[in-house]
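Residues per chain are reported as follows:
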Amino acid sequence: MDYKNVSLKKEDGIALITIERPKALNALNYETLKELECLLNSARNDEEIKAVIITGGGEKAFVAGADIAEMSKMTPVEAKKFSEFGQHVFREIELLSKPVIAAVNGFALGGGCELSMACDIRIASKNAKFGQPEVGLGIIPGFSGTQRLPRLVGTSKAKELIFTGDMINAEEAYNIGLVSKVVEQSELINEAKKIAQKIMSKGQLAIKLAKEAINKGIETDIDTGNTIEADAFALCFSTNDQKEGMGAFLEKRTPKFEGK
Ligand code: DAK
């Protein structure tokens, strides 16, 4: 498949996926979402890829939302299809068995904010701006923003952001727990790579199981969540990585994990 709006660069086990539609501040149209879905499939199936970073091309925007020009012409049926497809692509990110880091390098509005929230970890450059401005367009967030934002920052702050459509800067996003780190723009991708490399140095099966346990657990009550955790914990003991990790500790050496 030829990609017009996205790219994937593979380096040292990390896939750097960049959304590149500079004319529309990387806004997501259907074609871009489709291409993103294909790149996620490649990242999933490529065993050399251990972690994924998603960012926006240029220095101004991560993703300025769903493409308003394209959406403006949609019928309700098309809008439902578009919303469901976006939800599906973002869910694929959430369910990817590899860690995904959003490196937010500018505007992350509407669908852009929602894309970042589907990732496991968000870091931002100082010029990043987050918001769900959809109500100003007479619509509501359609790529799971009403679901993920309250889970990440609490219902009250999520309602304030969604009802007012206000943008917040990187510092406020950090203060409300929407991003875990704010760095200079020139350092953003390096910082994302550093986090990815640190994660990759650990037991990959453990990371995969921890991601699953967190994702499933957050949707359920504590007792069911604890059962999910205990099952995943037990599964770790069937891996070579567990034997290597604990053996290395006892032998006072650095573990060599193989993801097996
Ligand atoms: N869509 C299409 N084009 C966009 C865009 C977007 N979201 N954002 C920016 N652009 C385009 C602009 O139209 C402009 O194009 P030209 O006029 O040069 O051809 C170019 O990018 C540069 O933008 P500006 O000239 O506006 O740049 P400024 O620096 O002045 O302003 C801005 C930057 C990010 C503040 C501004 O562009 C802006 O407010 N953009 C729109 C942000 C926004 O409202 N985003 C949320 C989009 S709504 C659903 C499915 C999905 C969704 C909802 C429902 N269902 C189907 C139910 C999701 C919705 C959204 O994401």
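Source: prediction; values computed, not measured. (Residues numbered from 1 in each chain as written. Predicted model: local features only at pLDDT ≥ 70, side-chain atom pairs only at ≥ 80, totals over all residues. Heavy atoms only, no water.)

*Asks:* Help me understand the packing of aromatic side chains, please; the structure alone is not making it clear to me.
*Replies:* Two descriptors summarise a pair of aromatic rings, namely the distance from one centre to the other and the angle between the planes of the rings. If you walk through the whole model with that rule in mind, you get four aromatic pairs. Summarising the aromatic geometry, the rings of Phe-82 and Phe-143 are spaced 5.3 Å apart at their centres and angled 65° between planes, so their arrangement reads as edge-to-face. Within this pair, whereas Phe-82 is found in helix H3 (residues 76-95), its partner Phe-143 is found in the loop between strand S8 (129-131) and helix H5 (145-153), the two being separated by 61 residues in sequence. Phe-143 matches Phe-82 in its accessibility class, with the two residues each being buried. (Phe/Tyr/Trp six-rings, centres within 6.5 Å; stacked < 30°, edge-to-face > 60°. Helix = DSSP H or I, 4+ residues; strand = E, 2+ residues; numbered from the N terminus. Buried < 20%, exposed > 50% of the residue type's maximum accessible area, 1.4 Å probe, protein only.)

*Asks:* I would appreciate a short explanation of the pairing of strand S5 (residues 100-104) in the present structure.
*Replies:* Where a strand is regular, its side chains alternate between the two sheet faces. Across the five residues of S5, five count as buried, placing the element largely inside the fold. Across four bridges, strand S3 (residues 51-56) lies against S5 in parallel orientation. Following the sheet pairing, Thr-55 is matched in S5 by Ala-103. Where S5 meets strand S7 (residues 121-125), four bridges bridge the pair, whose relative direction is parallel. Paired with Ala-102 across the two strands is Arg-122, which belongs to S7. (Pairing = 2+ DSSP bridges.)

*Asks:* Sorry, what's going on with the sheet that holds strand S6 (residues 107-109) here?
*Replies:* Within a sheet, neighbouring strands are paired by backbone hydrogen bonds and run either parallel or antiparallel to one another. Strands sit in the order S4-S6-S8-S9 across an open sheet of four strands; the sheet is mixed. Looking along the sheet, the strands with just one partner apiece sit at the ends: strand S4 (61-63) and strand S9 (167-169). In this sheet, neighbouring strand axes are inclined to one another by 20° on average, regardless of whether the strands run parallel or antiparallel. Here S4 runs beside S6; their pairing, made up of two bridges, is parallel. (Axes fitted to C-alpha atoms, helices over the stretch in contact; angles between N-to-C directions.)

*Asks:* Any chance you could explain a nonpolar patch on the surface here in plain terms?
*Replies:* A cluster of nonpolar side chains, namely Ile-68, Leu-137 and Ile-139, defines an oily patch on the protein surface of about 250 Å² accessible area. Residue placement: Leu-137 occurs in the loop between S8 and H5. (Patch = residues over 30% accessible without salt bridge, like charges linked within 9 Å, V, L, I, M, F, W, Y side chains within 5 Å. Areas by Shrake-Rupley, 256 points an atom, 1.4 Å probe, with all protein chains shown as cover. Salt bridge = Lys/Arg side-chain N within 4 Å of Asp/Glu carboxyl O.)

*Asks:* Explain the confidence of the model for the protein to me, please; I cannot follow it from the model alone.
*Replies:* The predicted coordinates should not be examined in detail at positions where pLDDT is low. Per-chain confidence: the protein averages 97 in pLDDT, with 100% of residues scoring 70 or above. Predicted confidence in the protein is weakest over H3, with a mean pLDDT of 96, and strongest over S5, with 99. (pLDDT = per-residue confidence, 0-100.)

*Asks:* When you look at empty space enclosed by the protein in this model, what are you seeing that I'm missing?
*Replies:* To find leftover empty space, one rolls a probe the size of a water molecule over the atoms. The final tally for this structure, using the stated rule, is two cavities of 30 Å³ or more. Computed from the structure, the largest cavity encloses a volume of approximately 40 Å³. Around the largest cavity, the lining residues are Lys-9, Glu-11, Ile-14, Leu-16 and Lys-193. Where the lining of the largest cavity is concerned, the elements lending two or more residues are strand S1 (6-11) and strand S2 (14-19). Residue composition of the lining of the largest cavity, by class: two nonpolar, no polar and three charged. Here the second largest cavity is characterised by a volume of approximately 30 Å³. If you trace the second largest cavity, you find it lined by Cys-113, Phe-130, Gly-131, Gln-132, Leu-149, Leu-161, Ile-168 and Leu-178. In the lining of the second largest cavity, the residues fall into six nonpolar, two polar and no charged. (1 Å grid on protein atoms, 1.4 Å probe; cavity = no way out; pocket = protein on both sides within 12 Å on 5 of 7 lines; lining within 4 Å. Points joined across faces, edges and corners; volume = space filled by probe spheres on them. Nonpolar A, V, L, I, M, F, W, Y, C, P; charged D, E, K, R; others polar.)

*Asks:* Even after reading the chapter, I still don't get the sheet that holds S2, so can you show me in this structure?
*Replies:* The six strands are arranged S1-S2-S3-S5-S7-S10 in an open sheet whose pairing can be described as mixed. Since the sheet does not close on itself, it has two edges, and those belong to S1 and strand S10 (181-183), each with one partner. Each strand axis lies, on average, 20° off the axis of its neighbour in the sheet, ignoring direction. In this structure, S2 lies alongside S3, joined through six bridges in parallel fashion. Residue pairing across strands places Leu-16 opposite Ile-53, the latter belonging to S3. Where helix H8 (residues 188-200) meets the sheet, it contacts S1, S2, S3, S5, S7 and S10, and its direction lies at approximately 155° from that of S7. (Contact = heavy atoms within 4.5 Å.)

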